[in-house]
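# Residue-level structural notes
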Amino acid sequence: IRKLSEYLSDGNIIVGDFIKKWYFTKPNFVIHGGVDGPKTQSKPKSLSSAIFIGRLDEHTGVLEYAKTVDLIRKEYPSFDFKIIGDGEYKNRLKRYKPLGFKKNPEDYLREYNFAFVSRYLSILDALVNKRLAFALYDNPVKEDYLKMAPFAKFIIIEKHPDVLAKRVIYYLKNLKKAEKLTKAGYEWVKSQTWDSATSEYIQLWKNH
């Protein structure tokens, strides 16, 4: 269906460079979504904290993030972890007390120091709020989805919860290095607005 759609179209936009590799698509534009930043920046309630935002199913890796938290709490017992989302894994995550979907999840994001997210829009939200994002992948496609994105150098990408937990602990102990990453990510993401994404759709339409 994807290849047929490309063949029948005069032009196309893809979301993520990984699509060129896996579907052999020749895009006119590559986008990664958009984000509108907050008017003011805010500090987290606690530095020893993280938030997950997304569906509670196999595709978002939420169970792996929960395992990561369990490992972190062996060294940081009071590590605060909040889940914003809903889905088929909700019962399996009861002890983390997921809050379900919220209208403005970015408001919760600003209360936590780290973001455990692996989707483009959630990562952009983390970057624009100067939160260090940690992302897990479980297959080669998801690995390329993350590592081929232009923001990859500003976030932490790992495959296994035990390794991710070590990276989180490292940045808890090296907050200046975490701050350096978030500042660099913020400078990049400032130009990734919804207006800029819209302009590429308009340009594609005008050119074809």
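First, a word on scope: everything that follows refers to the structure included in this document.

Conventions used here
Residues numbered from 1 in each chain as written. Predicted model: local features only at pLDDT ≥ 70, side-chain atom pairs only at ≥ 80, totals over all residues. Heavy atoms only, no water. Phe/Tyr/Trp six-rings, centres within 6.5 Å; stacked < 30°, edge-to-face > 60°. Helix = DSSP H or I, 4+ residues; strand = E, 2+ residues; numbered from the N terminus. Buried < 20%, exposed > 50% of the residue type's maximum accessible area, 1.4 Å probe, protein only. Lys NZ or Arg CZ within 6 Å of the ring centre and 35° of its normal.

## Considering the packing of aromatic side chains
Within this structure, the stated rule accounts for 13 aromatic pairs. Ring centres 5.2 Å apart and planes at 70 degrees place the aromatic pair Phe-18 and Tyr-145 in the edge-to-face group. Here the residue Phe-18 occupies a position in helix 2 (residues 18-23), and Tyr-145 occupies one in helix 6 (residues 140-147), the gap between them amounting to 127 residues. By relative accessible area, Phe-18 is classed as buried at 10%. The exposure class assigned to Tyr-145 is buried, which follows from its relative accessible area of 11%. When the ring of Phe-81 is compared with that of Tyr-96, the centres are 5.9 Å apart and the planes differ by 85 degrees; the resulting orientation is edge-to-face. Of the two residues, Phe-81 is situated in strand 4 (residues 80-84) and Tyr-96 in the loop between strand 4 and helix 4 (105-109); the sequence distance between them amounts to 15 residues. Both residues of the pair, Phe-81 and Tyr-96, belong to the buried class. An aromatic cluster of at least three residues, connected via ring pairs, comprises Phe-52, Tyr-65, Phe-81, Tyr-96, Phe-114, Phe-116, Phe-134, Tyr-170 and Tyr-171. In this structure, Arg-92 is placed above the aromatic ring of Tyr-89, and the distance from its NZ or CZ to the ring centre is 4.7 Å. Lys-130 extends its terminal NZ or CZ atom over the ring of Tyr-186, reaching a point 4.7 Å from the ring centre.

Coordinates in, geometry out; function isn't part of it.
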